[in-house]
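# Coordinate inspection notes
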Amino acid sequence: MKKIIAIFFLSFSLFVHAQNEQLAMNYFDRGEFEKALISYEELLKTQPNNANFFQKTVECYQQLQQFEKADKALQERYTKYKQGALLVDIGFNYQLQKNTNKANNYFDQAIDKIKKNPSEVYGIGFLFDKKGLIDYAILAYQTAMDLEPKNNFNYQLALLYGQKGDFDTMIEKFLTESINNPQNLIMIQNQLSRFMSEDTTSTFNDVLKKALLFRVQKNQDIFWNEYLSWFYVQQKEYGKAFIQEKAIYKRNPESFGNIVNLGQLAIEENDETAAKDILGFVLENTKDLDLQIQSHSYLMEMKIDKSQSKDYPLINQELDNLIKEFGVSPFTLSLLKLKAHFSAFNLKDAETGKVILKNVLEMPLNKQQVAETKMELADILLFEEKFNQALLYYSQIESESNNNPIGQEASLKIAKTSYYKSDFKWAEHQLKVLKSASTQLIANDALDLYLLISDNTVEDSTQVALKKFARADFLLFQDKKQDALEAFQAILKENKGDAIEPVTLLRIGKIHEKLNDFTQALSNYQAIIDNHKESIYVDEAYFFAAEIYAQTGNIEAAKPLYEYIIMNKVDSIYFVEAQKKYRKLRGDSI
């Protein structure tokens, strides 16, 4: 019984202590330093050796400008423990009082501590960094490395030099650490990526590129070719990355998979020129049937995307020839799906598409292949306006895919199907969940559609215009561009000045782009820029217009449009891409 009582009181005291600690932390976080000080002083009485409670007590003194009390506490603790980091705290307390001489004196004493015992650098270097004393932090780490060569603080030093804006030294340290300790490569590249994306002047990118090029030319180690390829991929310069990957492949044929992955990236980013070059190289240099089929599929997909109706007979023949060459089997699933999709959406022969896919489902497929095939079949059923049958297949995929990417894609298509049917309430319900999807593209699409529905329900509770818009969007899904264009133009005419106008202009602009009518596309984007400056679609109008000007060689017209996004739309999903495109047009050597 006594044991039970003892355990009860111990548990209760621990609970009360945890509550008091939480209370002190809440006071501190809210800036109520008088109350926080009382709480931390009480906690420190119960645990005098607790470094966190002591540090918070000192910080409360400093926030309340009770510097003498802070100094006394720090001096007493230093006398007791002789920890070098406390010298940094004492010096910082004087710095807060603008007593630079005394502050530097204590900081120098901390450096002397490292000279006597290099292991002290862990506490001292960290605290210098935490207090924003960058030069002293650099001196601390460098002193420890000079005294004990086994110490390695290149990573910490690189970050410190980066904070100072000394990119040359930062990059030198990071690259040295990369080659010496490849296990840290991903962590280092993540840091470099952050600086690359935050650099608005391209200075950092220039320095990094030059440093990598120097190492590639000076050193035959393919490590540096791989690094330079990584750099170009970050910049979405896939053609330049391909040059490095080819050089790597010549010395290491086992690296062929990297070239295939690079081709996929180029396709995803719509770099058609690089993608064709890369996939052509793959076809010339592999006997692997999977890679051949995959490459042919990607090439045909790009060809279809850029095709006009006059090209369809030749494309259809090419698809038939490839299927005949490689056979009908689970291995040629990508070609079979492409043939089915092309038959339905381009040739408007849905029956042929469905027959192909239903035959595929009779084959021994794995779970992923079944889901992919059902997805394509559902798309064709939706194309035929067989909404319920399409929903049945999408729902099967969703329930069988455990919230993985293809399951989330199916969820999005369920929402879109409801939207096409003008069942906006159910679509909104689905989209609320998908806005936080793990796949960024799906999350963005879900958010766009959610905003479209909600924004055009507030002003028009009957949703008349939205129903017409959903029908026009469905025509786009069916690849009936001309019919969709006429439907959107009718909405524009009937709803001039309404909330739906800017997104309608955007849709019309994109259709004109698909039809290669860039003048009309630009006219619609300009209408958004001129008349809907507060619209959520204005950054898209700026970006799409800039892209047209850039692709058609009107650099001077493109630059200010990209620049507008950089200066005014920091939260835009096009912000990073606009930065890169603007630098490139400006002539920066990225």
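## A word on the overall build of the protein
Per the secondary structure count, the protein includes 32 helices and 0 strands. Taking 25 Å as the expected radius of gyration for a compact globule of 590 residues, we find that the protein reaches 31 Å, considerably beyond that expectation. The dimensions of the protein, computed from C-alpha atoms along their principal axes, are 90 × 65 × 65 Å. Here the protein holds 590 residues, and the buried ones make up 48% of them. Considering only contacts in the protein between residues 6 or more positions apart, those separated by 24 or more positions represent 51%. Carbon and sulfur atoms make up 52% of the accessible area of the protein, which totals about 30500 Å².

## Digging into the side chain of Glu540
Tracing the chain through its elements places Glu540 in helix H30 (residues 538-551). With no salt bridge to any partner, buried Glu540 finds its closest opposite charge in Arg507, at an N-O distance of 6.8 Å. When sequence neighbours within four positions are dropped, the list of residues in contact with Glu540 reads Leu506 and Tyr574.

## Some remarks on the pattern of salt bridges
Scanning the entire structure with this criterion turns up 32 salt bridges. For the salt bridge of Asp379 with Lys413, the shortest nitrogen-to-oxygen distance reads 2.8 Å. Linking Asp379 in helix H21 (residues 367-383) with Lys413 in helix H23 (residues 405-420), this pair joins segments that are 34 residues apart in sequence. Lys413 carries the same exposure label as Asp379, and that label is buried. Of the charged contacts in the structure, one is a salt bridge between Glu385 and Arg471, with a shortest N-O distance of 3.3 Å. Taken together, the positions of Glu385 in the loop between H21 and helix H22 (387-400) and Arg471 in helix H26 (residues 464-477) put the pair 86 residues apart, joining distant regions of the chain. By relative accessible area, Arg471 is classed as partly exposed at 37%. It is possible to trace a salt-bridge network through shared partners that takes in Lys236, Glu269, Glu547, Glu577 and Lys581.

## Examining the confidence of the model for the protein
In this model, the protein carries a mean pLDDT of 91, and residues with pLDDT of at least 70 account for 96%. With pLDDT under 50 throughout, residues 5-17 is counted as low confidence; its partners more than four residues away or in other chains account for 4 contacts.

## A word on the environment of Asn105
Mapped onto the fold, Asn105 is located in helix H6 (residues 100-116). Note: C-alpha distance between Asn105 and Asp305 (200 residues apart in sequence) is 69 Å.

## Some points on the nonpolar core
Side chains that are nonpolar tend, in soluble globular proteins, to be buried together. Formed by 97 residues in total, the largest nonpolar core has its most connected members in Tyr419, Leu431, Leu452, Ile453, Phe469, Phe488 and Tyr525. When neighbours within four sequence positions are excluded, Tyr525 is seen to be in contact with Leu506, Gly509, Lys510, Glu513, Ala541, Phe544, Ala545 and Ile548. Within the second largest apolar cluster, 89 residues are counted, among which are Leu192, Val216, Leu228 and Ala275.

## Brief notes about H23
In this model H23 runs 22 Å from its N-terminal to its C-terminal C-alpha over 16 residues, within 8% of the 22 Å that 1.5 Å per residue would give. Counting buried residues in H23 gives 13 out of 16 residues, a clear majority hidden from the surface. Note on H23: the residue one or two positions beyond its end, Ser422, has a positive phi of about 70 degrees.

## A look at unusual backbone geometry
Unusually for a residue other than glycine, Lys348 sits at a positive phi of about 60 degrees. Mapped onto the elements of the fold, Lys348 is located in the loop between helix H19 (333-346) and helix H20 (350-360). The class of Lys348 is partly exposed, set by a relative accessible area of 41%. With a phi close to 70 degrees, Ser422 is a non-glycine residue in the positive phi region. Tracing the backbone shows Ser422 in the loop between H23 and helix H24 (424-434). Looking at Ser422, the relative accessible area reads 26%, which means it is partly exposed.

## Re the packing of aromatic side chains
In this structure the tally under the stated criterion is 36 aromatic pairs. An angle of 50 degrees between the planes, with centres 5.6 Å apart, marks the rings of Phe387 and Phe474 as tilted. In this pair, Phe387 is assigned in helix H22 and Phe474 in helix H26, connecting sequence segments 87 residues apart. On the basis of relative accessibility, which here comes to 1%, the residue Phe474 falls in the buried class. Ring pairs connect the aromatic residues Phe345, Phe383, Phe387, Tyr419, Tyr420, Phe424, Phe474 and Phe477, which therefore count as one cluster.

Definitions and limits used
- Residues numbered from 1 in each chain as written.
- Predicted model: local features only at pLDDT ≥ 70, side-chain atom pairs only at ≥ 80, totals over all residues.
- Heavy atoms only, no water.
- Helix = DSSP H or I, 4+ residues; strand = E, 2+ residues; numbered from the N terminus.
- Rg over C-alpha atoms; globule rule 2.2 N^0.38 Å.
- Buried < 20%, exposed > 50% of the residue type's maximum accessible area, 1.4 Å probe, protein only.
- Contact = heavy atoms within 4.5 Å.
- Areas by Shrake-Rupley, 256 points an atom, 1.4 Å probe, with all protein chains shown as cover.
- Lys, Arg positive; Asp, Glu negative; His and termini not counted.
- Salt bridge = Lys/Arg side-chain N within 4 Å of Asp/Glu carboxyl O.
- pLDDT = per-residue confidence, 0-100.
- Core = buried A, V, L, I, M, F, W, Y, C linked by side-chain atoms within 4.5 Å.
- Expected span 1.5 Å × (residues − 1).
- Phe/Tyr/Trp six-rings, centres within 6.5 Å; stacked < 30°, edge-to-face > 60°.

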